[in-house]
Amino acid sequence: MADTLERVKKIIVDRLGVDESKIVLEASFKEDLGADSLDVVELVMELEDEFDLEISDEDAEKITTVGEVVKYIESHK
Amino acid sequence: MPEQADVLIINTKQSLRTDFIIEVIVMKRRVVITGVGVISPVGNDKETFWNSLLEGKSGIKPVTSFDVTDYPTKIAGEVTDFDPEQYMDKKEIRRTDRFVQFGLAAAKMAVEDSKLEITAENAERVGVYIGSGIGGLSTWEDQHSVLLEKGPRRVSPFFIPMLIANMASGAVSIQFGAKGPTSSAITACATGTNAIGDALRLIQFDHADAMIAGGAEATIRPMAFAGFCSAKAMSTRNDEPEKASRPFDQGRDGFVMGEGAGVVILEELEFAKKRGANILAEVIGYGMSADAFHITSPAPEGDGAARCMRNALKDAGIAPEEVDYINAHGTSTDLGDIAETQAIKAVFGEHAYKLAVSSTKSMTGHLLGATGGIEAIASAYALRDQILPPTINLENPDPECDLDYVPNKARKADVNIVLSNTFGFGGHNATIILKRYEA
């Protein structure tokens, strides 16, 4: 869990250029981290590569916060 | 003097027949340049750029950005020491192609130079017109590799907005909140001049009061190199990079690719005066023509180029004899330099031998869609400083190129009117004419 969060954080910092301290479990990608719809698509691609899994478009649409991403990855590993 | 550009002066005369001949003269508003910004192989700011040109300094070196082992041409005018973080944040850098980064950087410097403040009050009267000849080539190459290696699901969602050639205009209008007319020229090597000329028209005819205009290009990449090499268009003087771009010289063997951006701030004269802007030069004419001849070769005798210059002179309402200096297209290709010389002689007659002509591409290389932008700046600075930048590497002039090309050394001169030529693949020709500003 902690390891997953760290890896997710690294990708978010790199892609969205936000300060790491802002990346908490409750943070919303669009509202708190300044991501637009294109950023979200790209983040999903990065996460798929990083964790070697496939996130369907349907699932991706439901994920809006950092915590939801971590939970999704943990349950699909 | 009417205040509005759309005021018409209508003279009606009764002809021999009983109907009326209506003569309509549309008043064009005067337009001036109030700021410039440049990213180039000879400097990433306006003064370094200009001083390099006056010193006759070449920006051509061996290519470092990719492995050129298999390419016949191994040299270019690369932009070095460019730090996009000076102009945009990391996230923005990741989602913009290099040509957009150049365009945005040049636009920021130009706006700063002009001290133009884009506010809620004037935003709808400020527009952007920055072209690119090719667009996001590096993005295309990178993402095409991703497509082949990883499949369509891995192609970036930013691929299209990074690729499209209008995105320098888009990014600049977003950056400054400029809500006026925005468009982009794509006319190969005439792009920058078409962008400035079209922006000029938008101000002349009252669609905008100020325009951020020019060109941006970043194509020193394998695909563009391979294509231009196959077309046998580029110099292969790889062992002497600084001597490779040699317009009008017998030893020339093709153009040398450069990259960068040149952006100017155009303003309606009264708008500029009202805010106390520093006026660099007036833009008094713009002409275009098509060769309608061949996709890459110039028309015989420079026919298209000649008609283009004539159209610009007519638009400016000046006689050919009033032109003091021509910033030539002069790309260092065998056919192009001769055709342009023939065109100048056809338009200017005896005066062709009295005016000065130079090609600053001898130093910068050919920035393709950005070339009209940086050469408009060189032309404006020639007026400002009353000095002509040279054509370097002109050691043995081609007998068919027998004009005064300001060989090898900058020269002080009385310069009142400057004409800047650019001609592009597809037979696109564009010329603008600048004049020393007089109140």
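Residues numbered from 1 in each chain as written. Chains lettered and ligands numbered in written order. Predicted model: local features only at pLDDT ≥ 70, side-chain atom pairs only at ≥ 80, totals over all residues. Heavy atoms only, no water.

The next subject is helix 1 (residues 2–16) of chain A. Since the α-helix packs 3.6 residues into each turn, any two residues three or four apart lie on the same face. With 15 residues, helix 1 of chain A ought to run about 21 Å at 1.5 Å a step, and its terminal C-alpha atoms sit 21 Å apart, in line with that. Of the residues making up helix 1 of chain A, those classed as buried are Thr4, Leu5, Val8, Lys9, Ile11, Ile12, Arg15 and Leu16 of chain A. Turning to helix 1 of chain A, the residues buried within the fold contact helix 2 (37–51) and helix 4 (66–76) of chain A together with helix 2 (90–94) of chain B. Of the residues trailing helix 1 of chain A, Gly17 of chain A is marked for its positive phi of about 60°. (Helix = DSSP H or I, 4+ residues; strand = E, 2+ residues; numbered from the N terminus. Expected span 1.5 Å × (residues − 1). Buried < 20%, exposed > 50% of the residue type's maximum accessible area, 1.4 Å probe, protein only. Contact = heavy atoms within 4.5 Å.)

Nonpolar side chains in soluble globular proteins tend to end up buried together. Residues and elements named next belong to chain B. Residues Ile33, Phe49 and Leu266 are the most contacted members of the largest nonpolar core, which totals 47 residues. Here the element with the most residues in this core is helix 14 (residues 371–385); it accounts for eight residues. In this structure Phe49 touches Val38, Ser40, Val42, Gly43, Thr364, Ile374, Ile377 and Ala378, once residues within four positions along its chain are discounted. Among the nonpolar cores identified, the runner-up in size contains 32 residues, and Leu116, Ala210, Ala216 and Val263 belong to it. (Core = buried A, V, L, I, M, F, W, Y, C linked by side-chain atoms within 4.5 Å.)

Below, the discussion takes up unusual backbone geometry. Residue and element names in this part refer to chain B. Positive phi outside glycine occurs at Asp81, with the angle close to 60°. Topologically, Asp81 is positioned in the loop between strand 5 (75–76) and helix 2. Positive phi, normally seen in glycine, also occurs at Ser332, with a value near 80°. Residue position: Ser332 is located in the loop between strand 11 (325–327) and helix 12 (334–348).

As a further point, take the environment of His144 of chain B. By the secondary structure assignment, His144 of chain B is in helix 4 (residues 137–150). For the pair formed by His144 of chain B and Val155 of chain B, sequence separation is eleven residues and the distance between their alpha carbons is 8.0 Å.

Our focus in this paragraph is the packing of aromatic side chains. Residues and elements named next belong to chain B. Per the stated rule, a full pass over the model turns up ten aromatic pairs over all chains. Plain terms: the ring middles of Tyr71 and Phe225 are 6.3 Å apart, the flat faces sit at 75° to each other, and that makes the pair edge-to-face. Of this pair, Tyr71 sits in the loop between strand 4 (61–62) and strand 5 while Phe225 sits in helix 8 (residues 222–230), placing them 154 residues apart in sequence. Judged by its relative accessible area of 17%, Tyr71 is buried. Residue Phe225 is classed as buried on the basis of its relative accessible area, which comes to 0%. Measuring from centroid to centroid gives 5.0 Å for Phe82 and Phe102, while their planes differ by 75°, and the two rings are edge-to-face. Note that Phe82 is positioned in the loop between strand 5 and helix 2 and Phe102 in helix 3 (residues 98–114), a separation of 20 residues in sequence. A relative accessible area of 14% places Phe82 in the buried class. (Phe/Tyr/Trp six-rings, centres within 6.5 Å; stacked < 30°, edge-to-face > 60°.)

Before going further, it helps to examine the pairing of strand 10 (residues 281–290) of chain B. Residues and elements named next belong to chain B. Among the ten residues in strand 10, eight count as buried, and that is most of the element. Bridge count for strand 3 (residues 31–39) against strand 10 is three bridges, and the pairing is antiparallel. Within strand 10, the position partnered with Val31 by the bridge is Val283. Sheet topology places strand 10 next to strand 16 (residues 428–435); eight bridges connect them, and they run antiparallel. Each residue of the ladder has a partner; that of Gly285, found in strand 16, is Ile433. (Pairing = 2+ DSSP bridges.)

Okay, the UniProt feature "domain: Carrier" (unreviewed entry) in chain A next. Per the UniProt record, "domain: Carrier" (unreviewed entry) is annotated on residues 2–77 of chain A. Split by type, residues 2–77 of chain A is 62% helix and 0% strand. Its first and last C-alpha atoms lie 14 Å apart. (UniProt positions renumbered as here; feature names shortened; annotations may be inferred.)

With that settled, the discussion passes to the interface of chain B and chain A. Each partner contributes residues to the interface: chain B has eleven residues there, and chain A has 16 residues. Overall, the association of chain B and chain A removes approximately 1100 Å² of surface from exposure, summing both partners, and the carbon and sulfur fraction of that is 42%. Among the residues of chain B in contact with chain A, Lys91, Arg94 and Arg154 of chain B are the three that bury the most area, contributing 48% of the side total. Applying the counting rule to chain B against chain A returns seven salt bridges. Of the charged contacts in the structure, one is a salt bridge between Arg154 of chain B and Asp49 of chain A, with a shortest N-O distance of 2.8 Å. At the junction of chain B and chain A, the tally comes to nine residue pairs in polar contact (both at pLDDT 80 or more). A breakdown of the residues in the side of chain B that touches chain A according to their chemical character gives four nonpolar, one polar and six charged. (Buried area = accessible area lost by both parts, 1.4 Å probe. Salt bridge = Lys/Arg side-chain N within 4 Å of Asp/Glu carboxyl O. Polar contact = N/O pair within 3.5 Å; in protein donor to acceptor, adjacent residues only side chain to side chain. Nonpolar A, V, L, I, M, F, W, Y, C, P; charged D, E, K, R; others polar.)

Our next topic: the pattern of salt bridges. In total, this model carries 40 salt bridges over all chains according to the counting rule given. Of the charged contacts in the structure, one is a salt bridge between Glu48 of chain A and Arg154 of chain B, with a shortest N-O distance of 3.0 Å. Of this pair, Glu48 of chain A sits in helix 2 while Arg154 of chain B sits in the loop between helix 4 and helix 5 (159–163), placing the two residues on different chains. This pair shows no difference in class: Glu48 of chain A is buried, exactly as Arg154 of chain B is.

Residues and elements named next belong to chain B. Viewed as axis vectors pointing N to C, helix 3 and helix 6 (residues 167–176) meet at an angle of 45°, and their least axial separation amounts to 9 Å. Classified by the interaxial angle, the pair formed by helix 3 and helix 6 is oblique. Crossing of helix 3 against helix 6: the hand is right-handed. Between helix 3 and helix 6, the contacting residues are Phe99, Val100, Gly103, Leu104, Ala107, Lys108 and Val111 on the first element and Met167, Ala168, Ala171, Val172, Gln175 and Phe176 on the second. The residue inventory of the contact of helix 3 with helix 6, partitioned by class, reads ten nonpolar, two polar and one charged. (Axes fitted to C-alpha atoms, helices over the stretch in contact; angles between N-to-C directions. Parallel < 35°, antiparallel > 145°, perpendicular 65-115°, else oblique. Left-handed = near helix turned anticlockwise from the far one by under 90°.)

What follows deals with the packing of helix 1 of chain A against helix 4 of chain A. Residues and elements named next belong to chain A. For the pair helix 1 and helix 4, interaxial distance at closest approach is 10 Å and the crossing angle is 125°. Relative to helix 4, helix 1 is oriented oblique. Read as a crossing pair, helix 1 and helix 4 show a hand that is right-handed. Along the contact surface, helix 1 presents Thr4, Leu5, Val8 and Ile12, while helix 4 presents Val66, Val69, Val70, Ile73 and Glu74. Residue composition of the contact of helix 1 with helix 4, grouped by class: seven nonpolar, one polar and one charged.

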